Structure formats: structure tokens, C-alpha cells
Amino acid sequence: MDAEIRAGSMVPLGYVLIPDKRLGWRESNLALFAHHIRTGKHKGKTSIIIEALRRIRRHGAYTAYVDCLGATDIRGLGERLADAILANLSGVERSFEHAKAIAAGMQPTVKVKYEHVELALQLARETNAQRFFEGALDLPQGLAKRSGKRVVVVLDEFQAAGRLGPRVFDVMRARFQAHRGVSYAFLGSEQGILEELFSAKGHAFYRFAVPLDLTDAGGHRFGIDPDDWLEYLRTKFATKKMTIDDASIDRLLDATGGHPQDTMQVCAALYYLMRDAAARTVSSDFLEVAYEQAMRELERPFALHWTELGSHKYLQQVAKRIAHKAVLYAADVEGGAVPRPEVLRALAALQERGLVVRLGRGRYDFVEPMFGEYVRRLDEGLIGAGTPSRRSRSQQDGQTLRSNV
């Protein structure tokens, strides 16, 4: 279990949910996604992309996964793409560094054959950043032509690429639409930006990709049937020679709202807690402490997102009202009146960020209940606004996990 759990939070649903078999997603949906991405152009969300790409490679295609977040300029993004493409030939990460070494007449630090990087040798000699970027964008097409295989390129956090220059998306669209034998998947965590980029007229990628929604047809939150959660968690704890009963799973899912990452964050804390205590059966006390431990671990990423909301007028104020389930348009609440048009704008902005979901007329809730709990605690002065607290809520006011759900 511990090897499968990665920390992280505030990953909104994105434009489309992609199912994850490890978290109870349907096997048929996984196969369907792998089929669609092999044969066409689609966009989706990250959660199962690595597994899907593995299956696509098993069918004989080449794949490339590029995280656009963190690239500081177009050359850096181009090098990430070049590394991902060349890895198919060399099996070595950061293969483009070896291409640059060979192009400069030096010996690579890792033994890489000339033919493994030949595709990018001319590109490695390019000094102009714009020409380099355009050349890197053509590498998937070059690999497809050279190998005769389909190439599948996944661009994660795609919206971040638009921050690298005013015409980045225009250049990418011009290149991609001319490629044959290459499929592209565009993923991201900023729902509103992706939706506008692919659905609004006048934008570079208008109608270039279509949304692929593979959520469970049953309409369950995050597309995961509670029965699938029960089976999955029982099985995972059993592999560690531990038992968790249905009532404990229900309490856990109530507290996390079934949010995949947060649920696994609590499970990871629970596993380590029980392992260190040499315990074999999950109890309500273990579950409560694990929840608080996960909350402490999530406070830092939550604080970063809370700070970002503070840079926009009324977003924090409206978020607090949602967290406390207060009347959204009330004028006599702490913080003063917020004009109704501003409340509506704030709600739209929070939905675009993937933070809240509309439940009904005038009713909204957080997509990630643990973030909602963070906002409540922050507003009540139980934690600091910028740094994780040293004491859990249960230590401060005696509240238990059951009071949170």
C-alpha cells in the first residue's frame, strides 16, 4: 500500500475524469481509454495515465509523457519533450543530454548508441530558442515516420505551457495538426482554462481535441462506486495482514468525501500508524489519529491554494461561507456584505478552479472535503494561515473524526 500512495492535494477533477483501476475504476473503462488514446486525439485527467501508457506500449506503440508544469521557457519545454521521445529508443532518461554531448563531439556519461539519439542530433545543435521549440514539437512525427509505429504524446498540466509565451499554443497547434501517426492527450488541473482553450472560438486549440469522460455511469462521486472502495480497501489492508471493517471504511469515506488522493493520504497515515503500533485491526481511534495526521500533511499545499484565493476579491470570503454552510448572499455575516453579482462571480471562479461543486439552488460544497475542513479550521483560528500547525484539532478541542463527517 505504502508504495502506491503518493502525497499531494488540491488536484481538482480537471476537465475530464480519467478512471484509475487501483482505486476501483472499471477495467472496461481503462481499456476504453487506452483504445481511444491510441486511435485519436483526446484530453483527460492524470490519475491513470501512466498505467494507460504502459498498456499502450504493450500494444506496440511508442509513448511520451511530458509535464508542462515547471518548464520556465520554451526551450525547457522542448527539451522535456525531446527526452520523452528519445527514451523510446534509448531506454534512458534525459537522453537529450546525450544527444547534445554527441553533437558537441563529447562522450556521453552513459553509454548511448548513436542511433538512439540520431533523431535529435540536428536539434541539439540549434541555438535559436524558437526554432529549437518548433523542432522539438516535430520529434513525435519524426519518430512515427522512422519507426512506422503510432506515437502517443501526453501533455500534462497543459495550461502551464501557455505561460511561456504569447504564441506558444498557436505554434503547437500549427505543428500538431500536421502530424500523422501521432495522438495527443491534453491533461490539466485548471478546468476553466482547459475548457476555454478547447471549446471557445478564437483560441488556438478550439475543437482540436474532444473531452473523453470515462466516469462511472452510476453517477458516483469521482466515478467510484462505494462498493468498489470497500473491496479495494479491504483487499489492500489484507495484503498487509490488517483488517478494516465496513463501518470504518464508511467513516473514512465520509471524512474524505471519497476524494481519491485524500482517501489514500489517510490510508497511508493509517497504515504507518498501525504498523508502528504492531496493530492488526483498524479502530476508530486509529482512524481519528490518521485523519489528523493526513490533515497536518495537507496543510501546506492547502495553505498555498488559500493564499492564491486571497489574491482575488471575495474568493476567500465566499469560500468561508461554503465551508460553514452559511447563506451565501447574507449581508449580516462576519466579513460584511458581498454584492450578489460578486458572489456569483466568486462561485464561478471557484468552480472553474475545480474547488467547489454546485449541489442545488444556492447550495455548494467543496470537491475536496478535507480542504473544506481546512478552511473551517483556519477561519476558527485553529491553524495558521501560512504554515502547518503543530497541534491537531483533536488535541486542541477534543473533537473526533466522527464530528468531521
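Everything here concerns the structure above.
Here we summarise the structure given alongside this text. (Residues numbered from 1 in each chain as written. Predicted model: local features only at pLDDT ≥ 70, side-chain atom pairs only at ≥ 80, totals over all residues. Heavy atoms only, no water.)

So, about the overall build of the protein. Within the protein one finds 18 helices and seven strands. Taking the contacts inside the protein whose residues are at least 6 apart along the sequence as the reference set, 68% of them involve residues at least 24 apart. (Helix = DSSP H or I, 4+ residues; strand = E, 2+ residues; numbered from the N terminus. Contact = heavy atoms within 4.5 Å.)

A separate point is unusual backbone geometry. With a phi close to 50 degrees, Glu 157 is a non-glycine residue in the positive phi region. Relative to the helices and strands, Glu 157 resides in the loop between strand E3 (151-156) and helix H9 (168-176). Positive phi, normally seen in glycine, also occurs at Lys 241, with a value near 60 degrees. Along the chain, the position of Lys 241 falls in the loop between helix H11 (226-239) and helix H12 (246-256). The exposed category is assigned to Lys 241, whose relative accessible area is 65%. (Buried < 20%, exposed > 50% of the residue type's maximum accessible area, 1.4 Å probe, protein only.)

Two numbers describe how H12 lies on helix H13 (residues 260-276): the axes approach to 9 Å, and their chain directions differ by 130 degrees. If you check the angle between H12 and H13, you find them oblique. Relative to H13, H12 is oriented so that their crossing is right-handed. In this structure, H12 contributes Leu 252, Leu 253 and Thr 256 to the contact, and H13 contributes Asp 262, Thr 263, Val 266 and Cys 267. (Axes fitted to C-alpha atoms, helices over the stretch in contact; angles between N-to-C directions. Parallel < 35°, antiparallel > 145°, perpendicular 65-115°, else oblique. Left-handed = near helix turned anticlockwise from the far one by under 90°.)

The next thing to look at is the packing of aromatic side chains. A complete count under the given rule lists 20 aromatic pairs for this structure. The interplanar angle of 70 degrees and the centroid separation of 5.9 Å between the aromatic rings of Phe 186 and Phe 208 together place this pair among those described as edge-to-face. With a gap of 22 residues between them, Phe 186 in strand E4 (residues 182-187) and Phe 208 in the loop between helix H10 (191-199) and strand E5 (210-211) connect regions that are remote in the sequence. What makes Phe 186 buried here is its relative accessible area of 0%. With a centroid separation of 5.6 Å and 85 degrees between ring planes, the pair formed by Phe 366 and Phe 371 is classed as edge-to-face. We note that Phe 366, like Phe 371, is buried. By way of ring pairs, the aromatic residues Phe 158, Phe 169, Phe 176, Tyr 184, Phe 186, Phe 198, Phe 205 and Phe 208 are connected into one cluster. Over the face of the ring belonging to Phe 132 we find Arg 75, whose NZ or CZ atom lies 4.0 Å from the ring centre. For the cation-ring pair, Lys 149 lies above Tyr 62, with the distance from its terminal atom to the ring centre recorded as 4.6 Å. (Phe/Tyr/Trp six-rings, centres within 6.5 Å; stacked < 30°, edge-to-face > 60°. Lys NZ or Arg CZ within 6 Å of the ring centre and 35° of its normal.)

Direction vectors running N to C along helix H3 (residues 74-90) and helix H8 (residues 139-147) enclose 15 degrees, while the axes themselves pass 10 Å from each other. With respect to H8, the element H3 is oriented roughly parallel. Handedness of the crossing formed by H3 with H8: right-handed. Here Leu 81, Ala 82, Ile 85, Asn 88 and Leu 89 of H3 lie close against H8, whose contacting residues are Leu 139, Pro 140, Leu 143 and Arg 146. For the contact of H3 with H8, the residue count by class is seven nonpolar, one polar and one charged. (Nonpolar A, V, L, I, M, F, W, Y, C, P; charged D, E, K, R; others polar.)

What follows concerns the nonpolar core. Formed by 53 residues in total, the largest nonpolar core has its most connected members in Ile 322, Leu 350 and Tyr 374. Elements that contribute at least two residues to this core include exactly H11, H12, H13, helix H14 (284-309), helix H15 (315-323), helix H16 (340-352), strand E7 (363-366) and helix H17 (369-379). At 10 residues, the largest contribution of residues to this core is made by H14. Counting 46 residues, the second-largest nonpolar core is a separate cluster that includes Ile 74, Ala 84, Phe 158 and Tyr 184. (Core = buried A, V, L, I, M, F, W, Y, C linked by side-chain atoms within 4.5 Å.)

With that out of the way, let us pick up the pattern of salt bridges. Counted by the stated rule, this structure contains 11 salt bridges. The salt bridge partner of Arg 376 is Glu 373, with a shortest N-O separation of 2.9 Å. Placement of both Arg 376 and Glu 373 in helix H17 is noted, with a separation of three residues, approximately one turn of the helix. Overall, the relative accessible area of 2% leaves Glu 373 in the buried class. (Salt bridge = Lys/Arg side-chain N within 4 Å of Asp/Glu carboxyl O.)

All right, on to the pairing of E3 then. Within E3, six of the six residues are buried, leaving the element largely enclosed by the surrounding structure. A two-sided burial pattern is seen for E3, the buried positions comprising Val 151, Val 153 and Leu 155 on one face and Val 152, Val 154 and Asp 156 on the other. For strand E2 (residues 62-67) and E3, the ladder comprises six bridges, and the chain directions are parallel. When the sheet's bridge partners are listed, Val 66 is paired in E3 with Leu 155. Both E3 and E4 contribute to a ladder of five bridges, which runs parallel. (Pairing = 2+ DSSP bridges.)

The quantities given are spatial measurements derived from coordinates; they are silent on function.
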